[in-house]
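Survey of secondary and tertiary structure
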Amino acid sequence: MKEMKDNKFETKCVHGAYRAQSAQPQNMPIIQSTTYRYYNAPDVAALFDLDSPNHMYARLGSPTVDYLEQKMALLESGTAGMSTSSGQAANLIALLNICEAGDHVLSGTNIYGGTYNLFNVTLRRLGLDVEFFDQDMSEEEILKLKRPNTKALFGETLGNPALSVLDIEKFARVANAMKVPLIVDNTLATPALCRPIEYGAHIVTHSTTKFADGHGTSIGGCVVEGGNFDWTVKDDDGNLKYPTMAAPDDSYHGLNFYEKFGQAAFCTRLKAVLVRDLGCTMAPMNAYLTHQGLQTLDVRMERHVKNAEAVAKFLKGHPMVDWIIYPGLEGDKYYDLAKKYMPKGASAVMSFGVKGGRKAGEDFLEHLELCSIVVHVGDIHTSVLHPASTTHRQLSEEAQLAAGIDPGLIRLSVGLENVEDIIADLDQALNKVKL
Ligand code: PLP
């Protein structure tokens, strides 16, 4: 029988992971139980020794959540997946799985404001030194940033909201030369448009809250591992660089995660240690709703892209629009990279400046009727935001500019309404702006 991974992407979206047997529900069931019953102690002991794939307590996983993880791994061309309570938690535990106080992490600057804060404030307070750099620097320049304690390289496929496109192959080459994993947040591109592991990334993270769910119902996150990193690499002194992955773990009777779980070691440890300890578990209902969204991911992304391309062209030609950034638009700084890594389209998020700067931008928002002002992207509803005064307000103006946030920038996530209606709403709001 043909394996699911050998099907085309659209088929994996619809049928991936959960498959109904005869007389079973066609839709993935929601198993809403905190705990699981056993008939004898040895069966429970096997769970604690990680010798059984079964469940014991929903903080450590449950069947509905498992299916979502398997589906995300399948869609991302990975070998294993791990769901989390949010995208923030996904990025946090992806790093904590392999880093500790005193370690150094390299991250592109053009990343989501929440991730920037997590890296720059909270992780720094815990002793992790995250250094930001311009992701468009040359390979040689980035390589010079390596320190003996560098443990990971991080970037976003499509920076939110800078809309920069990550040169994933360049980053993967740098990561391999540094002998560290490349972690790519693929939230805005989604696996329908780009699968970073196919370009050499080792770990992919997601806020499934965005396009994966797509309907704005569920906060969630996911980590997918590529099964393509050798966790036995040594540091310059000949010691194991990733002892959490490749040395005996005392909390599991000396178990070596990489030896025992191979290409699923990273995600198994995330579940067995990080999610166990931090409790950032995805709830079964959220897993169900996210899975429901993923079933239509491919068709939704196709229409999101089609609408976004038409909206971007309209905005570019509008007399009230100063500038527009959308990597799917010819002439954009990242157009060529977008064509390479997202040949089916550069997703549906764009940013632009209304003539008149910050005040005019705020004025424009007030006149919108159909489009929603929300702190959200990747939704069926067209969504608009002014990052400088909202999502990125904790950052200094200098840090905002470094993250690609102009004070007058409007972020627009194009939804699935009829594109003529979206354009008409934007047009009337732009025309009402007083200069
Ligand atoms: N990564 C990216 C690229 C995001 O855009 C977001 C949220 O907007 C996150 C991570 C954080 O995800 P969540 O809001 O699900 O915690």
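All of these numbers come straight from a predicted model, not from anything done at the bench. (Residues numbered from 1 in each chain as written. Predicted model: local features only at pLDDT ≥ 70, side-chain atom pairs only at ≥ 80, totals over all residues. Heavy atoms only, no water.)

As a matter of local geometry, the ligand sits amid 13 residues, with N160, D185, S207, T209 and K210 nearest to it. Here an oxygen atom of the ligand and a side-chain polar atom of N160 are 2.8 Å apart. S207 is positioned such that a nitrogen or oxygen atom in its side chain is 2.8 Å from an oxygen atom of the ligand. Here the ligand has 380 Å² of accessible area as a free molecule, and 92% of this is covered by the chains. One can see that the ligand is located within the second largest pocket. Of all the elements, helix α4 (residues 87–96) adds the most residues to the shell around the ligand, at three residues. Across the shell around the ligand, the residue classes break down as one nonpolar, nine polar and three charged. (Near = heavy atom within 4 Å. Polar contact = N/O pair within 3.5 Å; in protein donor to acceptor, adjacent residues only side chain to side chain. Areas by Shrake-Rupley, 256 points an atom, 1.4 Å probe, with all protein chains shown as cover. 1 Å grid on protein atoms, 1.4 Å probe; cavity = no way out; pocket = protein on both sides within 12 Å on 5 of 7 lines; lining within 4 Å. Sits in = over half its atoms within 2 Å of the grid points. Helix = DSSP H or I, 4+ residues; strand = E, 2+ residues; numbered from the N terminus. Nonpolar A, V, L, I, M, F, W, Y, C, P; charged D, E, K, R; others polar.)

Within the fold, Q428 resides in helix α17 (residues 419–432). Of the residues examined, Q428 reaches a relative accessible area of 19% and is grouped as buried. Beyond its immediate sequence surroundings of up to four residues, Q428 is in contact with H367, L368 and E369. (Buried < 20%, exposed > 50% of the residue type's maximum accessible area, 1.4 Å probe, protein only. Contact = heavy atoms within 4.5 Å.)

In terms of domain boundaries, the chain breaks down into domain 1 (4–293) and domain 2 (298–431). The gap between the C-alpha centroids of domain 1 and domain 2 is 28 Å. Between domain 1 and domain 2, the contact holds 39 residues from the first and 39 residues from the second. For the pair domain 1 and domain 2, the two sides together bury roughly 3100 Å², of which 64% comes from carbon and sulfur. (Domains from an automatic or database assignment. Buried area = accessible area lost by both parts, 1.4 Å probe.)

Turning to the sheet that holds strand β8 (residues 321–325), a few remarks are in order. Taken in spatial order, the five strands make up an open sheet running β8-β9-β12-β11-β10, and their pairing is mixed. Edge positions in the sheet fall to β8 and β10 (372–373), since each has one partner strand and no second. Bridging between β10 and strand β11 (residues 383–385) involves two bridges; their strand directions are parallel. Within β11, the position partnered with S372 by the bridge is S383. The sheet strands contacting helix α13 (residues 297–316) are β8, β9 (349–354) and β12 (409–413), and the helix crosses β9 at an angle near 15°. (Pairing = 2+ DSSP bridges. Axes fitted to C-alpha atoms, helices over the stretch in contact; angles between N-to-C directions.)

With that settled, the discussion passes to the nonpolar core. By size, the foremost hydrophobic cluster in this structure holds 122 residues, and its most contacted members are L315, M350 and F364. Both domains that furnish three or more residues to this core are identified here as domain 1 (4–293) and domain 2 (298–431). Residue contacts for L315: discarding those within four places in its chain leaves V321, I324, M350, F352, L412 and L430. (Core = buried A, V, L, I, M, F, W, Y, C linked by side-chain atoms within 4.5 Å.)

This paragraph deals with the state of the cysteines. For the coordinates displayed, the defined rule picks out zero disulfides. Its sulfur unpaired, C267 is 7.3 Å from the next cysteine sulfur, which belongs to C222. On the basis of relative accessible area, C267 is assigned to the buried category, the value being 3%. C222 provides the cysteine sulfur closest to C280, a residue in no disulfide bond, and the two sulfurs are 12 Å apart. (Disulfide = S-S within 2.5 Å.)

Attention shifts here to the pairing of β9. In terms of residue burial, β9 counts as a mostly covered element, since six of its six residues are buried. Here β9 shows no split at all, with V349, S351 and G353 on one side and M350, F352 and V354 on the other all buried. Of the strand pairs in this sheet, β8 and β9 are connected by four bridges, and their pairing is antiparallel. Across the sheet, I324 pairs through a bridge with F352, a residue of β9. With five bridges joining them, β9 and β12 adopt antiparallel strand pairing. Counted as the bridge partner of M350 is L412 from β12.

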